[in-house]
Amino acid sequence: MSQPRITDSHCHLDFPDFDGEHEALIARAAEAGVARMVTICTKLRLEPQVRALAEAHAPVFYAAGTHPMSVADEPMASVDQLKSLAQHPKFVGIGETGLDYHYTAKTKAVQQESLRLHIEAARQTGLPLIIHARAADEDTARILTQEHQASPYSCVMHCFTAGPDLAQAALDLGFYLSMSGITAFPKSQELRDIFKAAPLGRILVETDSPYLAPPPHRGKRNEPAYTAHTAAKAAELFEMDYAEFAARTEANFDRLFPKAAAWSSDA
């Protein structure tokens, strides 16, 4: 019997971990029910190779932005540059962008500038913003809220591992929270509690592969097929049948990423 259809809303297929394996890993994903994946470009100079993956593989969509940990070492993205990239039919999101003060707190000013530029690009394109937030809950909540009050935009908090206050701030703005393999780790009960308290209509699933493989693959290279393990654990958390949970997260993804939903229905 075929598996219920789900989407890996965030992965990094251009990373060298996957060199020469794209056909096989996409086939393994399909076998697990992972019918779509969004691969994320984290440095805009690498956008051509990420775009090529989306063009070569029907299930693959892509997004692009400058990762907050790289922003001090890369040219500052411009709104016009991101708008131009967004013309591609399989370009479905802006980012990942955000704030990361864990290792790169010294660049917080330029990270915040970059974040605001990406927010403006999300507004102007109508595409969802993809946010990375680590050790920066207060500033992330403040900037996202300020900017949304000025003019609204849509957003997903990718691989959400922050605290309940940032989760609530994001949900109050109508944003989505994405569950990674971390939510399936045995010691992640506090994080699971945050997700359990969130509306089911705002939940996505992802791998962030090649990182953060869920059990039973923890400590090994992650890949899109393993979205199914995270989704299975999430279905337990929400006390739902796996097929029902999969259907709900698919509907959520289509709502947040309408360009991907439209492309797949036309394909």
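Residues numbered from 1 in each chain as written. Predicted model: local features only at pLDDT ≥ 70, side-chain atom pairs only at ≥ 80, totals over all residues. Heavy atoms only, no water.

Side note on the layout of surface pockets
Quick reminder of the rule: Points on a 1 Å grid, built from protein atoms alone, make a cavity when a 1.4 Å probe fits but cannot get out and make a pocket when they are open with protein on both sides within 12 Å along at least 5 of 7 lines; residues with an atom within 4 Å of a point are the lining residues. Grid points are joined across faces, edges and corners, and a volume is the space filled by probe spheres set on the points. A helix here means a DSSP run of H or I that spans at least four residues, while a strand means a run of E at least two residues long, and both kinds are numbered starting from the N terminus. Residues were grouped as follows: Ala, Val, Leu, Ile, Met, Phe, Trp, Tyr, Cys and Pro as nonpolar; Asp, Glu, Lys and Arg as charged; and all remaining residues, including Gly, as polar.
By volume, the largest pocket is sized at about 520 Å³. Contributing to the lining of the largest pocket are 23 residues, with His67, Glu96, His132, Asp208 and Tyr211 lying nearest its centre. In terms of residue count, strand β5 (residues 129–134) provides more of the lining of the largest pocket than any other element does, four residues in total. For the lining of the largest pocket, the residue count by class is twelve nonpolar, seven polar and four charged.

With respect to the state of the cysteines
We count it as follows: Any two cysteine sulfur atoms lying within 2.5 Å of each other are counted as a disulfide. Residue burial is assigned from relative accessible area. The probe radius is 1.4 Å, only protein chains are included, and a residue is buried under 20% of its type maximum, exposed over 50%, and partly exposed in between.
According to the stated counting rule, one finds zero disulfides in the structure shown. No disulfide involves Cys11; its sulfur sits 13 Å from the nearest other cysteine sulfur, which is in Cys41. The class for Cys11 is buried, based on a relative accessible area of 0%.

Some remarks on the environment of Pro75
In this fold, Pro75 is placed in the loop between β3 (60–64) and α3 (79–85). Residue Pro75 is classed as exposed on the basis of its relative accessible area, which comes to 63%. Considering only alpha carbons, one finds Pro75 and Lys43, 32 residues apart in sequence, at a separation of 9.1 Å.

Comments concerning the packing of aromatic side chains
Stated precisely, the cut-off is as follows: Two aromatic rings, drawn from Phe, Tyr or Trp (for Trp, its six-membered ring), form a pair once their centres lie within 6.5 Å of each other, and the interplanar angle then sorts them: stacked below 30 degrees, edge-to-face above 60, tilted otherwise. Our definition puts a charge over a ring when NZ of Lys or CZ of Arg is within 6 Å of the ring centre and also within 35 degrees of the ring normal.
All told, the structure shown has seven aromatic pairs when counted by the stated rule. Here the aromatic rings of Phe61 and Trp263 are separated by 5.3 Å at their centres, their planes lie at 90°, and the arrangement is edge-to-face. Residue Phe61 is found in strand β3, and its partner Trp263 is found in helix α10 (residues 258–266); the two are separated by 202 residues along the sequence. Classification of Trp263 as partly exposed rests on a relative accessible area of 27%. Seen from their ring centres, Phe238 and Phe245 are 5.9 Å apart, and the 20° between their planes marks the pair as stacked. Owing to a relative accessible area of 13%, Phe238 belongs among the buried residues under this scheme. In this structure Phe245 comes out as buried when scored by relative accessible area, which is 0%. If you follow Lys90 out to its NZ or CZ, it ends over the ring of Trp263, 4.4 Å from the centre. Here the guanidinium or amino end of Lys108 rests over the ring plane of Tyr101, the centre of that ring lying 4.6 Å away.

Examining unusual backbone geometry
Note the cis peptide between Ser209 and Pro210, where omega equals 20°. Mapped onto the elements, Pro210 comes out in the loop between β8 (203–205) and α8 (227–237). Following Pro215, the chain continues into Pro216 via a peptide bond in cis, with omega recorded as 10°. With respect to the helices, strands and loops of the structure, Pro216 is situated in the loop between β8 and α8. Of note, the phi angle at Asp208 is positive, near 60°, even though the residue is not glycine. Here the phi dihedral of Glu239 falls at roughly 55°; this positive angle occurs in a residue that is not glycine. As for its placement among the helices and strands, Glu239 is situated in the loop between α8 and α9 (242–256).

Remarks on α8
The α-helix winds at 3.6 residues per turn, so residues separated by three or four positions along the chain end up facing the same way. Selection criterion: Throughout, a residue-residue contact means that at least one pair of heavy atoms, one from each residue, lies within 4.5 Å.
Listed in full, the buried residues belonging to α8 are Thr227, Ala228, Thr230, Ala231, Ala234, Ala235 and Leu237. Structurally, α8 contributes buried residues whose contacts are with β1 (6–11), β2 (34–41), β7 (176–179), α7 (189–196), β8 and α9.

Some words on the pairing of β1
Look at any regular strand and the pattern is simple: side chains alternate between the two faces of the sheet. Stated formally: At least two bridges found by DSSP between two strands is the condition for calling them paired. Place the viewer so that the strands point away; then a crossover is right-handed whenever the path from the first strand over the helix to the second strand goes clockwise.
Counting buried positions along β1 gives six out of six residues, so the element sits mostly inside the fold. Bridge analysis of β1 against β2 gives four bridges, and the strand direction is parallel. Opposite Cys11, over in β2, you have Thr39 as the bridge partner. Once you follow β1 into helix α1 (residues 22–31) and on to β2, the crossover reads as right-handed.

Some details on the side chain of Thr107
With respect to the element layout, Thr107 can be found in the loop between β4 (91–100) and α4 (108–125). Discounting residues that sit within four places of it in the chain, Thr107 has contacts with Pro68 and Ala72.

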